Amino acid sequence: MKNLKFHIVGLTHNDVKGHEVEYAKEAEGRTICLVPDDANPFDMLAVKAYDKQLFIGYVSALEGEDVRALIIARKDRNLRTRCLGSNSKEGGDEKSGLQLIVEARVDVPDQEIELARKGLYEDSIYDDWHYTGPILPIDKLTRFSDCTMMLEGVIDDIILIQEQLSLETDSRAELEAELRDNLEEARERLACFLEIQRSDYSREMTQTRNRILNKLYLIDDEEIHRMGEVLTTELGFITSSSYRERAAQSFFIDAPVALKQKQTGTYDYADQLDEIERQLKAFPFSLYQTFKADPVDFLRQVFYKRVPRKKMLQLLSGIVLMIMNGRVNDVKQWGKHGDAASLEAMKAMKAVGAKPSNEVKKEKFMELVDLVIPKIAVYKKKGSSEVLVKSQSDWFPVFRLLNGWGLFNMGTPTAFCKHLAHLYEKIPPENTGRAPLCKWKDLAQVKSDPFEYAALEWWKLDSDKLGSVSIERFNHYCDIVNAFKKILGETAYSENVNLKEILPKQVDKEVPDSDTKNDDEMTAEDGS
């Protein structure tokens, strides 16, 4: 037979309100009865705590599952416990984080408790819900999962080594050395766990916290016991507004910003957003609608609805996708405070997917072009020993291309020449293998027949549209345009810039459809 400890919170809100500190100091040794609260509209696993007729509070939300599983395994309707004492949040007043610590005898096998635990949840509610969007690599959750698995592994090793050392063994020195190393690793991993464990509101993580806490009591190490006490104290604060606000900042601002910076060149699901949002709206318990009402309160509801981790990841991924695509402008509030910080956080979340103004897009695109021009100045085609832009007039197709994007005016080529000279200052002086600088008269070729059209469409021109321009020169200019496009795409990818989002519309004259007809068209026209 073993004993399990549980924590009673909420003393400041119920029958001992007003004298809760005095009550807690005198409660040691009293019988506290734990009763499932099946009518609770917020927490499906809530458990009330009674001292005789006094309703004193609730079992910590993180332990409600354990209490209910034990009650079911014992075939009882409540659980009688004995109060061991009380504590409060370190550094606060006596009321801050005030909780009772109670202990119950466990007189049923662990297997029966685990079987009862599985029966607590009716997961068939998720059977008809389907999600076709991406599972996004939300950094906080990924790191937390990895951290937790490694922490449990080293804790299990420590417990095993302690058991071996309690027996007579010839390898005591080796085991003691391994134990010291494992204890040092466990302290580091537990410190990391304490720092980030507030970010996972899934059902499985609630179970993991309790499992780790129960194992820590088996380790003979004062520092680990102290850290275990810190974790115990924090159990009552996981769903507090301050913790949830930090988690919401991480999930709904930091994560989408980071993901958006990395998504260049990847499929963005833009053509599926309506369907994915329809799926989110159909998520059980109307949790997506809760997010739209208040992202901070949404995390509390995810916790109290005991959402399985897999479903939580799908739901969070879908929400982050909506944020990245600017579909959260109808979110009503951020947390319960409504202060300047809350308004700023909500504004920051909505700004993640906001479309930049034309002025901002043009500025960002020009910054990208300024990175590309020095590269095209030294670019060589594969197998060639000379630069592609080998003469002053070879800058014309670049100038014409940028004019088509509205960055330079064809009537003032001097502005481009000066800008080019400024960019050349950034090219290392030892790099002599570069295109020569141009002058305004080198760019005065727009009156030539083919160059009145958009540079991006020169390749569409038939040879009879070239006028006095030689086919060799025309093809060379097309090569320069293609090389510039290639370098532009590569640079955008390396700089994590979404080129599609900032690329200006062409303001140039488009090449008309070819008058040359294919055989099918001619056959259809003459009717033969």
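Not measured: the values here are computed from a predicted model. (Residues numbered from 1 in each chain as written. Predicted model: local features only at pLDDT ≥ 70, side-chain atom pairs only at ≥ 80, totals over all residues. Heavy atoms only, no water.)

Draft legend 1. Representation of the pairing of strand S5 (residues 79–87) within the structure. Pairing between strand S2 (residues 31–36) and S5: four bridges, direction antiparallel. Looking at the pairing, Cys-33 lines up with Arg-80 of S5. As paired strands, S5 and strand S6 (residues 99–106) are joined by five bridges and run antiparallel to one another. Looking at S6, one finds that Asn-87 is bridged to Gln-99. (Pairing = 2+ DSSP bridges. Helix = DSSP H or I, 4+ residues; strand = E, 2+ residues; numbered from the N terminus.)

Draft legend 2. Structural detail: the packing of helix H6 (residues 203–216) against helix H7 (residues 222–234). Where H6 meets H7, the axes come as close as 10 Å, and the angle between the chain directions of the two elements is 145 degrees. Helix-helix and strand crossings are classified by hand; for H6 and H7 the assignment is left-handed. Judged by residue contacts, Arg-209, Leu-213 and Leu-216 of H6 engage Ile-224, His-225, Gly-228, Leu-231 and Thr-232 from H7. Across the contact of H6 with H7, the residue classes tally to four nonpolar, three polar and one charged. (Axes fitted to C-alpha atoms, helices over the stretch in contact; angles between N-to-C directions. Left-handed = near helix turned anticlockwise from the far one by under 90°. Contact = heavy atoms within 4.5 Å. Nonpolar A, V, L, I, M, F, W, Y, C, P; charged D, E, K, R; others polar.)

Draft legend 3. Just the environment of Asp-66, in detail. Looking at the secondary structure, you find Asp-66 in helix H2 (residues 64–73). For Asp-66, a relative accessible area of 13% corresponds to the buried category. Taking the C-alpha atoms as reference points, Asp-66 and Leu-45, separated by 21 residues in sequence, lie 9.6 Å from one another. Residues within four places of Asp-66 in sequence aside, it is in contact with Phe-6, Arg-117 and Asn-210. (Buried < 20%, exposed > 50% of the residue type's maximum accessible area, 1.4 Å probe, protein only.)

Draft legend 4. Quick look at the sheet that holds strand S3 (residues 47–51). With antiparallel pairing, six strands are arranged side by side around a closed barrel as S1-S4-S3-S2-S5-S6. Taken over all neighbouring pairs, the strand axes of this sheet differ in orientation by 45 degrees on average, direction set aside. Lying on the sheet, H2 is in contact with strand S1 (2–9), S2, S3, strand S4 (54–59), S5 and S6; it crosses S2 at an angle near 90 degrees.

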